[in-house]
Amino acid sequence: MIGLGIGLSGGEFAHDGARIAAVARRVEDAGLDAVGVSEIVTGDGSPALDPVVLLATAAAATRRVHLDFEVLAAPTRPAAMLASQVQSLQHVSTGRLRLGLGIGGFPGTPFWAALGAPTTGRGRALDALLEVLPGLFAGEPTAVPGPGGPVAVALAPPVPAPPLLVAGSEHEAVLRRAARLGDGWMPFAMSPEQVAAAATRLRELAAAHGRTPPRVHLGLHAVLGDRPADRAASERMRAELAGFYGLSAQAVVDRTLTGTPQRVAERLAEYAAAGVDHVGIALSARDALDRQVDLVGEARALVTDNSAAPRGATA
(Lines give C-alpha, C1' and ligand atoms only; values in the text may rest on other atoms or scores of the structure.)
Protein backbone atom coordinates (compact mmCIF):
# COMPACT_ATOMS: atom_id res chain seq x y z
CA MET A 1 0.00 0.00 0.00
CA ILE A 2 1.32 3.42 -0.93
CA GLY A 3 2.37 5.66 1.96
CA LEU A 4 1.47 9.34 2.32
CA GLY A 5 3.30 12.13 4.10
CA ILE A 6 3.12 15.92 4.41
CA GLY A 7 6.05 18.24 3.89
CA LEU A 8 6.50 21.04 6.43
CA SER A 9 7.81 24.10 4.64
CA GLY A 10 10.60 25.90 6.47
CA GLY A 11 9.45 29.11 4.82
CA GLU A 12 5.85 28.71 5.94
CA PHE A 13 6.70 28.29 9.62
CA ALA A 14 9.35 30.98 9.71
CA HIS A 15 6.58 33.41 10.70
CA ASP A 16 4.92 31.14 13.27
CA GLY A 17 7.29 28.63 14.82
CA ALA A 18 4.75 27.57 17.44
CA ARG A 19 2.66 25.98 14.67
CA ILE A 20 5.28 23.39 13.74
CA ALA A 21 4.46 20.96 16.54
CA ALA A 22 0.71 21.43 16.15
CA VAL A 23 0.75 20.68 12.42
CA ALA A 24 3.01 17.65 12.92
CA ARG A 25 0.54 16.28 15.47
CA ARG A 26 -2.33 16.95 13.07
CA VAL A 27 -0.55 14.97 10.35
CA GLU A 28 -0.20 12.05 12.74
CA ASP A 29 -3.79 12.32 13.97
CA ALA A 30 -5.03 12.35 10.36
CA GLY A 31 -3.66 8.83 9.94
CA LEU A 32 -0.85 9.83 7.59
CA ASP A 33 2.49 8.10 7.48
CA ALA A 34 5.21 10.75 7.56
CA VAL A 35 6.24 14.33 8.19
CA GLY A 36 8.94 15.65 5.89
CA VAL A 37 11.21 18.70 5.60
CA SER A 38 13.46 20.09 2.88
CA GLU A 39 16.60 22.21 2.91
CA ILE A 40 15.71 25.60 1.42
CA VAL A 41 17.99 28.01 3.32
CA THR A 42 19.53 30.42 0.80
CA GLY A 43 20.85 33.28 2.93
CA ASP A 44 19.31 35.98 0.73
CA GLY A 45 16.72 37.07 3.26
CA SER A 46 14.06 34.58 2.16
CA PRO A 47 12.29 33.11 5.23
CA ALA A 48 13.51 29.57 5.96
CA LEU A 49 14.21 27.33 8.93
CA ASP A 50 17.02 24.83 9.35
CA PRO A 51 15.63 21.41 8.37
CA VAL A 52 17.31 19.50 11.21
CA VAL A 53 15.76 21.81 13.82
CA LEU A 54 12.40 21.67 12.03
CA LEU A 55 12.34 17.87 11.94
CA ALA A 56 13.53 17.61 15.55
CA THR A 57 10.54 19.73 16.56
CA ALA A 58 8.22 17.42 14.64
CA ALA A 59 9.89 14.40 16.24
CA ALA A 60 9.22 15.72 19.73
CA ALA A 61 5.55 16.34 18.89
CA THR A 62 4.81 12.90 17.42
CA ARG A 63 5.15 9.24 18.31
CA ARG A 64 4.33 7.17 15.22
CA VAL A 65 4.98 8.87 11.88
CA HIS A 66 8.18 8.56 9.89
CA LEU A 67 10.41 11.62 9.88
CA ASP A 68 11.68 12.34 6.40
CA PHE A 69 14.48 14.58 5.18
CA GLU A 70 13.25 15.55 1.71
CA VAL A 71 16.12 16.42 1.21
CA LEU A 72 19.40 17.52 2.78
CA ALA A 73 22.05 19.01 0.49
CA ALA A 74 25.16 16.87 0.84
CA PRO A 75 27.68 19.58 -0.13
CA THR A 76 26.60 21.98 2.64
CA ARG A 77 27.33 19.69 5.59
CA PRO A 78 30.61 17.95 6.49
CA ALA A 79 30.09 14.20 6.67
CA ALA A 80 30.91 13.95 10.39
CA MET A 81 28.53 16.79 11.31
CA LEU A 82 25.66 15.49 9.18
CA ALA A 83 26.12 11.97 10.55
CA SER A 84 26.14 13.23 14.13
CA GLN A 85 22.97 15.27 13.64
CA VAL A 86 21.13 12.40 11.99
CA GLN A 87 22.46 9.83 14.49
CA SER A 88 21.24 11.94 17.41
CA LEU A 89 17.82 12.53 15.88
CA GLN A 90 17.48 8.86 14.97
CA HIS A 91 18.25 7.97 18.59
CA VAL A 92 15.81 10.40 20.24
CA SER A 93 13.02 9.66 17.73
CA THR A 94 13.31 5.89 18.35
CA GLY A 95 14.39 5.09 14.81
CA ARG A 96 11.79 6.91 12.72
CA LEU A 97 14.07 8.78 10.30
CA ARG A 98 14.37 8.41 6.53
CA LEU A 99 17.30 10.35 5.09
CA GLY A 100 16.95 11.91 1.65
CA LEU A 101 20.20 13.30 0.25
CA GLY A 102 20.87 15.26 -2.91
CA ILE A 103 23.47 17.41 -4.61
CA GLY A 104 21.60 20.58 -3.54
CA GLY A 105 19.47 22.97 -5.52
CA PHE A 106 20.90 26.37 -4.47
CA PRO A 107 24.66 26.29 -5.19
CA GLY A 108 24.87 29.95 -6.20
CA THR A 109 23.28 31.41 -3.07
CA PRO A 110 24.93 33.45 -0.29
CA PHE A 111 24.38 30.61 2.18
CA TRP A 112 26.44 28.20 0.07
CA ALA A 113 29.16 30.81 -0.42
CA ALA A 114 29.34 31.52 3.33
CA LEU A 115 29.73 27.81 4.07
CA GLY A 116 32.37 27.36 1.42
CA ALA A 117 30.23 24.57 -0.04
CA PRO A 118 31.51 23.31 -3.38
CA THR A 119 29.52 24.20 -6.48
CA THR A 120 31.27 21.62 -8.66
CA GLY A 121 31.88 17.93 -8.06
CA ARG A 122 28.64 17.70 -6.09
CA GLY A 123 27.77 14.26 -7.41
CA ARG A 124 31.12 12.87 -6.28
CA ALA A 125 30.63 14.48 -2.86
CA LEU A 126 27.22 12.81 -2.53
CA ASP A 127 28.67 9.43 -3.53
CA ALA A 128 31.40 9.75 -0.90
CA LEU A 129 28.85 10.66 1.77
CA LEU A 130 26.58 7.74 0.93
CA GLU A 131 29.54 5.40 1.21
CA VAL A 132 30.60 6.45 4.73
CA LEU A 133 27.24 6.99 6.43
CA PRO A 134 26.39 3.32 7.16
CA GLY A 135 29.63 2.85 9.09
CA LEU A 136 29.17 6.09 11.02
CA PHE A 137 25.62 5.15 12.05
CA ALA A 138 26.85 1.71 13.14
CA GLY A 139 29.40 3.31 15.47
CA GLU A 140 32.35 1.94 13.51
CA PRO A 141 35.57 3.99 13.17
CA THR A 142 35.09 5.48 9.71
CA ALA A 143 37.44 7.66 7.69
CA VAL A 144 35.85 10.98 6.73
CA PRO A 145 37.40 14.04 5.06
CA GLY A 146 39.15 16.53 7.35
CA PRO A 147 41.11 19.74 6.70
CA GLY A 148 44.42 17.87 6.81
CA GLY A 149 43.24 14.63 5.26
CA PRO A 150 41.05 11.67 6.31
CA VAL A 151 40.12 11.40 9.99
CA ALA A 152 38.73 8.27 11.68
CA VAL A 153 35.45 9.14 13.43
CA ALA A 154 33.36 6.85 15.66
CA LEU A 155 29.91 7.97 16.84
CA ALA A 156 28.05 6.57 19.84
CA PRO A 157 25.56 5.29 20.55
CA PRO A 158 25.21 3.31 17.34
CA VAL A 159 21.76 3.58 15.77
CA PRO A 160 19.83 1.67 13.12
CA ALA A 161 20.82 3.25 9.83
CA PRO A 162 17.90 5.25 8.43
CA PRO A 163 16.98 4.37 4.84
CA LEU A 164 19.20 6.41 2.51
CA LEU A 165 17.11 8.00 -0.24
CA VAL A 166 18.92 9.40 -3.27
CA ALA A 167 17.14 12.53 -4.48
CA GLY A 168 17.08 13.55 -8.11
CA SER A 169 15.43 13.20 -11.49
CA GLU A 170 15.23 10.19 -13.79
CA HIS A 171 18.66 11.08 -15.17
CA GLU A 172 20.81 7.98 -15.66
CA ALA A 173 23.49 9.17 -13.22
CA VAL A 174 20.90 9.61 -10.47
CA LEU A 175 19.39 6.17 -11.07
CA ARG A 176 22.84 4.57 -11.07
CA ARG A 177 23.67 6.26 -7.76
CA ALA A 178 20.40 5.10 -6.19
CA ALA A 179 20.83 1.56 -7.50
CA ARG A 180 24.39 1.29 -6.18
CA LEU A 181 24.27 3.20 -2.88
CA GLY A 182 20.67 3.99 -1.94
CA ASP A 183 17.80 2.27 -0.21
CA GLY A 184 15.41 4.49 -2.13
CA TRP A 185 15.11 6.94 -5.01
CA MET A 186 13.42 10.29 -4.35
CA PRO A 187 12.27 12.13 -7.49
CA PHE A 188 9.93 15.10 -7.59
CA ALA A 189 7.08 16.28 -9.84
CA MET A 190 6.82 13.30 -12.19
CA SER A 191 3.83 11.69 -13.90
CA PRO A 192 2.96 8.02 -13.33
CA GLU A 193 4.22 7.23 -16.84
CA GLN A 194 7.58 8.87 -16.14
CA VAL A 195 7.95 7.06 -12.83
CA ALA A 196 7.08 3.68 -14.35
CA ALA A 197 9.76 3.99 -17.03
CA ALA A 198 12.42 5.16 -14.56
CA ALA A 199 11.47 2.50 -11.99
CA THR A 200 11.97 -0.20 -14.63
CA ARG A 201 15.45 1.12 -15.35
CA LEU A 202 16.16 1.37 -11.61
CA ARG A 203 15.30 -2.30 -11.12
CA GLU A 204 17.63 -3.25 -13.98
CA LEU A 205 20.51 -1.29 -12.47
CA ALA A 206 19.92 -2.68 -8.99
CA ALA A 207 19.91 -6.23 -10.35
CA ALA A 208 23.25 -5.58 -12.04
CA HIS A 209 24.67 -4.74 -8.59
CA GLY A 210 22.97 -7.71 -6.94
CA ARG A 211 20.89 -5.37 -4.78
CA THR A 212 17.23 -5.17 -3.85
CA PRO A 213 15.51 -2.53 -5.98
CA PRO A 214 15.38 0.79 -4.11
CA ARG A 215 11.96 1.96 -3.00
CA VAL A 216 10.47 4.96 -4.78
CA HIS A 217 9.60 8.02 -2.67
CA LEU A 218 7.97 10.65 -4.90
CA GLY A 219 7.38 14.32 -4.05
CA LEU A 220 4.27 16.01 -5.47
CA HIS A 221 2.58 19.39 -5.08
CA ALA A 222 -1.10 19.27 -4.18
CA VAL A 223 -4.23 21.26 -3.43
CA LEU A 224 -7.22 19.19 -2.35
CA GLY A 225 -10.92 20.08 -2.29
CA ASP A 226 -13.59 21.31 -4.67
CA ARG A 227 -14.54 24.65 -3.10
CA PRO A 228 -14.01 27.80 -5.20
CA ALA A 229 -11.03 28.74 -3.02
CA ASP A 230 -9.52 25.29 -3.58
CA ARG A 231 -9.89 25.57 -7.34
CA ALA A 232 -8.33 29.04 -7.29
CA ALA A 233 -5.40 27.75 -5.24
CA SER A 234 -4.97 24.88 -7.71
CA GLU A 235 -4.76 27.31 -10.61
CA ARG A 236 -2.17 29.43 -8.78
CA MET A 237 -0.12 26.33 -7.99
CA ARG A 238 -0.18 25.16 -11.60
CA ALA A 239 0.81 28.58 -12.93
CA GLU A 240 3.73 28.81 -10.50
CA LEU A 241 4.97 25.30 -11.31
CA ALA A 242 4.63 25.85 -15.05
CA GLY A 243 6.88 28.89 -14.73
CA PHE A 244 9.36 27.24 -12.38
CA TYR A 245 9.79 24.00 -14.35
CA GLY A 246 9.10 25.40 -17.83
CA LEU A 247 6.27 22.91 -18.37
CA SER A 248 3.07 23.04 -20.38
CA ALA A 249 -0.25 23.34 -18.58
CA GLN A 250 -1.06 19.67 -19.24
CA ALA A 251 2.35 18.51 -18.05
CA VAL A 252 1.77 20.29 -14.74
CA VAL A 253 -1.67 18.66 -14.41
CA ASP A 254 -0.01 15.27 -14.93
CA ARG A 255 2.50 15.97 -12.15
CA THR A 256 0.25 17.35 -9.40
CA LEU A 257 -2.63 16.21 -7.19
CA THR A 258 -5.88 18.18 -7.14
CA GLY A 259 -9.59 17.64 -6.58
CA THR A 260 -11.60 15.71 -4.06
CA PRO A 261 -10.08 13.09 -1.74
CA GLN A 262 -11.69 10.43 -3.93
CA ARG A 263 -10.00 11.80 -7.06
CA VAL A 264 -6.66 12.06 -5.26
CA ALA A 265 -7.01 8.45 -4.04
CA GLU A 266 -7.55 7.38 -7.65
CA ARG A 267 -4.44 9.25 -8.75
CA LEU A 268 -2.44 7.69 -5.92
CA ALA A 269 -3.54 4.27 -7.15
CA GLU A 270 -2.08 5.18 -10.56
CA TYR A 271 1.21 6.10 -8.92
CA ALA A 272 1.23 2.90 -6.88
CA ALA A 273 0.74 0.88 -10.06
CA ALA A 274 3.70 2.75 -11.57
CA GLY A 275 5.93 1.56 -8.72
CA VAL A 276 5.72 4.41 -6.19
CA ASP A 277 5.97 3.29 -2.55
CA HIS A 278 5.50 6.65 -0.82
CA VAL A 279 4.31 10.13 -1.80
CA GLY A 280 5.47 13.19 0.10
CA ILE A 281 2.96 15.98 -0.49
CA ALA A 282 3.87 19.66 -0.60
CA LEU A 283 0.60 21.45 0.09
CA SER A 284 0.17 24.64 -1.92
CA ALA A 285 -2.92 26.04 -0.15
CA ARG A 286 -1.05 27.39 2.86
CA ASP A 287 -3.86 29.60 4.13
CA ALA A 288 -5.94 26.46 4.77
CA LEU A 289 -3.22 24.11 5.96
CA ASP A 290 -5.17 22.29 8.68
CA ARG A 291 -8.08 21.57 6.33
CA GLN A 292 -5.69 20.42 3.61
CA VAL A 293 -4.02 17.98 5.99
CA ASP A 294 -7.44 16.59 6.93
CA LEU A 295 -8.39 16.18 3.26
CA VAL A 296 -5.15 14.29 2.59
CA GLY A 297 -6.07 12.10 5.56
CA GLU A 298 -9.42 11.36 3.90
CA ALA A 299 -7.62 10.39 0.70
CA ARG A 300 -5.32 8.16 2.74
CA ALA A 301 -8.31 6.37 4.25
CA LEU A 302 -9.77 5.81 0.78
CA VAL A 303 -6.46 4.36 -0.42
CA THR A 304 -6.50 2.01 2.57
CA ASP A 305 -10.08 0.95 1.88
CA ASN A 306 -9.40 0.33 -1.79
CA SER A 307 -6.26 -1.69 -1.07
CA ALA A 308 -8.26 -3.91 1.28
CA ALA A 309 -11.05 -4.51 -1.26
CA PRO A 310 -11.01 -7.76 -3.32
CA ARG A 311 -9.41 -7.45 -6.75
CA GLY A 312 -11.92 -6.01 -9.18
CA ALA A 313 -14.12 -4.59 -6.41
CA THR A 314 -14.77 -0.90 -5.85
CA ALA A 315 -14.71 0.75 -2.48
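Fair warning: this is a prediction, and the values are worked out from it, not measured in the lab.

Undergrad: Hey, could you run me through helix α5 (residues 122-137) in this one?
TA: Every α-helix winds through 3.6 residues per turn, so residues three or four apart in the chain are directed the same way. The end-to-end C-alpha separation of α5 is 22 Å, in line with the 22 Å expected for 16 residues at 1.5 Å each. If you look at α5, its biggest bend is around 25°, right at E131, and the proline P134 turns up within four residues after that. Here α5 has its buried residues at R122, G123, L126, D127, L129, L130, V132, L133, G135, L136 and F137. Positioned one or two residues after α5, G139 has a phi angle of 80°, which is positive.

Undergrad: Please explain a nonpolar patch on the surface as it appears in this structure.
TA: There is a patch of nonpolar side chains on the surface, built from F188, F244 and Y245 and spanning about 340 Å² of accessible area. In this fold, Y245 is placed in helix α8 (residues 228-245).

Undergrad: Got a minute to help me understand the nonpolar core in this structure?
TA: Buried together is how nonpolar side chains tend to be arranged in soluble globular proteins. With 78 residues, the main nonpolar core has L8, F69, L99, L101, L133, W185 and I281 as its most contacted residues. Beyond its immediate stretch of four places on either side in the chain, L8 contacts F13, I20, V23, V35, G36, V37, L54 and A58. Residues A233, M237, L241 and A285 belong to the second largest nonpolar core, which totals 6 residues.

Undergrad: Would you take a moment to explain the side chain of T62 for this structure?
TA: Among the secondary structure elements, T62 is positioned in the loop between α2 (51-61) and β3 (66-73). A polar side-chain atom of T62 sits 2.9 Å from a polar atom in the side chain of R96. Discounting chain neighbours no more than four positions away, the residues touching T62 are A24, R25, E28, L67 and R96.

Undergrad: Help me understand the packing of helix α1 (residues 19-29) against α2 in this model?
TA: It is at 8 Å that the axes of α1 and α2 come closest, and there the two elements cross at 55°. On the basis of their axis angle, the class for α1 and α2 is oblique. Relative to α2, α1 is oriented so that their crossing is right-handed. Where α1 approaches α2, its residues I20, A21, A24 and R25 are matched on the opposing element by L54, T57, A58 and A61. Each residue belonging to the contact of α1 with α2 can be placed in one class, and the counts come to 6 nonpolar, 1 polar and 1 charged.

Undergrad: Looking at this structure, I do not really get the packing of aromatic side chains. What am I missing?
TA: In this description, an aromatic ring pair is defined by two values, namely the gap between the centres and the angle between the planes. Taken as a whole, this structure holds 1 aromatic pair when the rule is applied. Both rings, one in F244 and one in Y245, keep their centres 5.0 Å apart while their planes meet at 85°; by these two values the pair is edge-to-face. On the basis of relative accessibility, which here comes to 66%, the residue F244 falls in the exposed class.

Undergrad: What exactly am I supposed to notice about the packing of α5 against helix α6 (residues 172-181) here?
TA: Each pair of packed helices gets described by two things: the angle between the helix axes and the distance between those axes. Contact pair α5 / α6: the axes reach a minimum separation of 11 Å and the direction vectors enclose 10°. Between α5 and α6, the angle falls in the class roughly parallel. Each of G123, L126, D127, L130 and E131 in α5 lies in contact with α6, whose residues at this interface are R177, R180 and L181. Considering only residue class, the contact of α5 with α6 consists of 3 nonpolar, 1 polar and 4 charged.

Definitions and limits used
Residues numbered from 1 in each chain as written. Predicted model: local features only at pLDDT ≥ 70, side-chain atom pairs only at ≥ 80, totals over all residues. Heavy atoms only, no water. Helix = DSSP H or I, 4+ residues; strand = E, 2+ residues; numbered from the N terminus. Expected span 1.5 Å × (residues − 1). Bend = angle between axes of the 7 residues up to and from the residue. Buried < 20%, exposed > 50% of the residue type's maximum accessible area, 1.4 Å probe, protein only. Patch = residues over 30% accessible without salt bridge, like charges linked within 9 Å, V, L, I, M, F, W, Y side chains within 5 Å. Areas by Shrake-Rupley, 256 points an atom, 1.4 Å probe, with all protein chains shown as cover. Salt bridge = Lys/Arg side-chain N within 4 Å of Asp/Glu carboxyl O. Core = buried A, V, L, I, M, F, W, Y, C linked by side-chain atoms within 4.5 Å. Contact = heavy atoms within 4.5 Å. Polar contact = N/O pair within 3.5 Å; in protein donor to acceptor, adjacent residues only side chain to side chain. Axes fitted to C-alpha atoms, helices over the stretch in contact; angles between N-to-C directions. Parallel < 35°, antiparallel > 145°, perpendicular 65-115°, else oblique. Left-handed = near helix turned anticlockwise from the far one by under 90°. Nonpolar A, V, L, I, M, F, W, Y, C, P; charged D, E, K, R; others polar. Phe/Tyr/Trp six-rings, centres within 6.5 Å; stacked < 30°, edge-to-face > 60°.

Remember, this is a structural readout, not a statement about activity or role.
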